[in-house]
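# A look at the structure
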Amino acid sequence: MCALVHELEAETGATGTVGIGMPGAISPASGVVKNANSTWLIGHPFHRHVERCLGREVRVANDADCFAVSEARDGAAAGRGLVFGVILGTGVGGGIAVDGRPLRGRNAITGEWGHIPLPWAQPSELPGRECWCGHNGCLETWLSGIGLECDHAEASGETLEPEEIVARAEAGDTAALATVERYEHRLARGLAMVINLLDPDAIVLGGGLSRIRRLYDTVPRLWGGWVFSDRVDTELLPPVHGDSSGVRGAAWLWG
Ligand SMILES: [Zn+2]
């Protein structure tokens, strides 16, 4: 990483500011990394190592927070005051941007939506699959790519990649369509809870599963069933910068 910074600076002849989007967070209490799914980072003062190597302050934030910041600054939700960014990928995470800045929180865990249990769970959804965090039925176990795959396999006996399930659903395959509809129902419940708690102006989806185009139509039609309001004006938006938003948001930490 330090070599990359030095290389860029040699190329441009400028001295840059450095922002890093990372999994997990720097614990405000201990000053070391926690919650990272890149588990080798856990327990280390990662940012201090980089600072020592570069000889300057670096700013770090959770990658989902960086995603939310990038999309709130000049992406899908540009100009919206309160934005919830969701990552639906290998894992499930979330971040909150207020006026284009990350909301870190007292424990630096703001937006950790993936490890909240699926709300309004039906009897058939309980207790839910075991999650790596130690609990059962976390939203991540339902809404990650692997979650979608497992749900389809349990219902149909067929193990397929998420892209294949979505393609088959679009082609009219009954079992695949049922899986996608269950996914939408669960995502709608998960986001209804966020709207009840945070009432954001916009929710932007990121990660591989954000490419399922029908979500932006079906999920807002469903979520009103659980939002405590006469109507819901929250926007559900696809990302503008997609996979680049993590690194763009990290750069915005200095902007
Ligand atoms: Zn969990």
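A few points on the structure. All residue numbers refer to position in the chain's written sequence, counted from 1. Under the rules for a predicted model, residues below a pLDDT of 70 receive no local features and side-chain atom pairs below 80 are neither given nor counted, while totals for whole chains, interfaces and linings still include all residues. Just so you know, side-chain values use all the structure's heavy atoms and leave hydrogens and water out.

Each helix is a run of DSSP H or I of at least 4 residues and each strand a run of E of at least 2, with the numbering of both proceeding from the N terminus. Of note, Ala72 is situated in helix H3 (residues 63-74). C-alpha of Ala72 to C-alpha of Pro102: the two residues are 30 residues apart in sequence and 9.8 Å apart in space. In what follows, residue pairs with any heavy atoms lying within 4.5 Å of each other are defined as contacts. Sequence-distant contacts of Ala72, that is, excluding residues within four places in its chain, are made with Ala77, Ala78, Gly79, Val83, Ala97 and Gly100.

Bound to the zinc ion are the protein donor atoms His115 (ND1), Cys131 (SG), Cys133 (SG) and Cys138 (SG), situated 2.1 to 2.3 Å from the metal. With water omitted from the atoms examined, metal sites may look incomplete; donors here are N, O and S atoms no farther than 2.8 Å from the metal, or 3.2 Å in the case of Na, K and Ca. Note on geometry labels: four donors, all angles 85 to 135 degrees, give tetrahedral; four donors become square planar and six octahedral when opposite donors are over 155 degrees apart and every other angle is between 65 and 115; remaining cases are irregular. Its four donor atoms give the zinc ion angles of 102 to 121° at the centre, a pattern that matches the tetrahedral case. All donors to the zinc ion come from one chain, and their sequence spacing reads H-x15-C-x1-C-x4-C. Per-residue accessibility, obtained with a 1.4 Å probe over protein chains only, is compared with the maximum for each type, and a residue is labelled buried under 20%, exposed over 50%, and partly exposed between these values. Taking the relative accessible area as the measure of exposure, Cys133 reaches 30% and is therefore partly exposed.

Before going further, it helps to spend a moment on the pattern of salt bridges. Close approach of charged atoms allows side chains of opposite charge to pair. Here a salt bridge means any side-chain nitrogen of Lys or Arg lying within 4 Å of a carboxyl oxygen belonging to Asp or Glu. The tally for this structure, following the rule as stated, stands at 15 salt bridges. Residues Arg48 and Glu51 are paired through a salt bridge, measuring 2.8 Å at the closest nitrogen-oxygen approach. Pair noted here: Arg48 and Glu51 are both in helix H2 (residues 46-54), with a separation of three residues, about one helical turn. A salt bridge links Arg248 to Asp74; the shortest N-O distance between them is 2.6 Å. One end of the pair, Arg248, is in helix H9 (residues 245-252); the other, Asp74, is in helix H3, with 174 residues separating them in the sequence. A residue is classified by how much of its surface remains accessible, and Asp74, at 33% relative accessible area, is partly exposed. By sharing partners, the salt bridges in this structure join Glu125, Asp151, Arg182, Arg186 and Arg189 into a single network.

Honestly, that's just the spatial picture; any functional story needs more than this.
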